[in-house]
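Here's the letter readout for the chains.
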Amino acid sequence: MKRFQLSERLARRRTHRGTRFQPLRRALKVPIWADLGLRVGAALTLVFIVVLIHWWDRAGLVDNLDGEVSFLDVVYFTMISITTTGFGDIAPISDRARLVEAAIVTPIRFIVIFIFIGAAYDFIIRRSWERWRMARIQETLSGHVVVIGFGISGSEAVAELIERGTDPRHIVVMDTREERLAEAELLGCNVMAADATRDDSLMAVRIDKAETVLVSAGRDDASILIVLTVRHLAPDVPITVVVRAADNELLAHQAGANNVINPVRFTGLLLAGSVQGMHIADYMADLASVTGRVHLVERPVSPEEIGKSIDQLATGGRGLRVYRNGAALGFWEPEAQRLQLGDVVVEIRPTAETESSLA
């Protein structure tokens, strides 16, 4: 029944034309309206200062029309002075007034002009350049990590990736909720508001060029549908998916996921482990996080390790398992005592903080 529903949803997705994705974007250091407000506020403050200076020194000004300089005349003279219009109907006549214009008003005039020129550059040229640049980045994405779904699991995964040294600029977060994308932007990630079950959304982030894809859509049916779509577009990209129902794990594997994580099952393992020893659960959590004292590393066997035992790794780590031709070999098995070309080894190493404390 579940397979039928999944196939039916996949067929509907192929024919449905929903809202298209929004372009890839990256967080701005200052929000656009805050930036604009700061610039306008600074310009108005400077203009107000010039108005006060002219009002204080209005005796040095002359109005060639009626001979009287009112407050409105001062505001008018300030604006034409700041904008360098200069109609000549109001002019400074005293030496002090001319000195004020030369030494105070003229520098302020240049500052105001630079503020407006800078605003024009930022909001017209730089913003357009940034959109063009992000479009180019989007077209040349390669070796990046695509995280689909930025809920609790997705956000924790991104935070852990950054903690492990992944550049946030190499992470693309896809979600349909703007508040979640705003959180990802604060971390420095590239984000896209998109429906990840649509082909064009995934192609926009060059899913076939990704290093890996992490799927945590919040619902098992949505996550499995996304896995199907990703595997259709990127046959060779590793996919890790989160499912919460045990009977959906097989479906996720059949959909094309390389790794299926069931947080409920993992929690059960931690609970069961705590029965046999109070420190087992703590150690398993330590292994899972780079902020602990030790962490797991999966890597290909290096040339200098070929022919050696899993206990003689060049990194100094402790070998736990060897993957050879799709089979898992434990460190106690005879086959693991002689590493071969093409083997993948899983080892346990101390974290950088632990190594530095021992040095």
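Everything below is about the structure printed above this text.
This is a predicted model, so every value here is computed, not measured.

**A few points about the sheet that holds strand β7 (residues 239-242)**
A sheet is described by the order of its strands in space; here six strands give the open sequence β5-β4-β3-β6-β7-β8, paired in parallel fashion. Either end of the sheet is taken by a strand with one partner, and the two such strands are β5 (190-193) and β8 (259-261). With strand direction ignored, the average angle separating the axes of adjacent strands in the sheet is 15 degrees. One ladder, built from four bridges, connects strand β3 (residues 145-148) with strand β4 (residues 171-175); its direction is parallel. Considered in β4, the bridge of V146 is made with V172.

**Observations regarding the pattern of salt bridges**
Counted under the stated rule, the structure contains nine salt bridges. The salt bridge partner of D343 is R324, with a shortest N-O separation of 2.8 Å. With a gap of 19 residues between them, D343 in the loop between β11 (327-330) and β12 (344-350) and R324 in strand β10 (residues 318-324) connect regions that are remote in the sequence. By relative accessible area, which is 2% here, D343 ends up buried. A salt bridge links R349 to E347, with the shortest nitrogen-to-oxygen separation between them at 2.9 Å. Take E347: its relative accessible area is 0%, and that puts it in the buried class.

**Structural notes on helix α3 (residues 71-82)**
The terminal C-alpha atoms of α3, which comprises twelve residues, lie 16 Å apart, in line with the 16 Å expected from a rise of 1.5 Å per residue. By the burial criterion, the buried members of α3 are D73, V74, F77, T78, I80, S81 and I82.

**Let's talk about the nonpolar core**
Generally speaking, nonpolar side chains in soluble globular proteins are found buried as a group. Judged by nonpolar contacts, the single largest core of 29 residues is most densely connected at I148, M174 and V213. Contributions of two or more residues to this core are made by β3, β4, α7 (199-204), β6 (212-215), α8 (220-233), β7 and α9 (249-255). Looking at this core, the element that brings in the most residues is α8, giving four residues. Excluding its chain neighbours within four sequence positions, the residues that come into contact with M174 are V146, V147, I148, G149, L181, M192, A194, A196, S201, L202 and V205. One finds V147, I171, V191 and A193 within the second-largest nonpolar core, a separate group that totals 13 residues.

**Notes on the side chain of T240**
Positionally, T240 belongs in strand β7. Taking relative accessible area as the criterion, T240 reaches 15% and is therefore assigned buried. For T240, the contacting residues outside a window of four places in its chain are V213, L214, V215, N259 and I261.

The rules we used
- Residues numbered from 1 in each chain as written.
- Predicted model: local features only at pLDDT ≥ 70, side-chain atom pairs only at ≥ 80, totals over all residues.
- Heavy atoms only, no water.
- Pairing = 2+ DSSP bridges.
- Helix = DSSP H or I, 4+ residues; strand = E, 2+ residues; numbered from the N terminus.
- Axes fitted to C-alpha atoms, helices over the stretch in contact; angles between N-to-C directions.
- Salt bridge = Lys/Arg side-chain N within 4 Å of Asp/Glu carboxyl O.
- Buried < 20%, exposed > 50% of the residue type's maximum accessible area, 1.4 Å probe, protein only.
- Expected span 1.5 Å × (residues − 1).
- Core = buried A, V, L, I, M, F, W, Y, C linked by side-chain atoms within 4.5 Å.
- Contact = heavy atoms within 4.5 Å.

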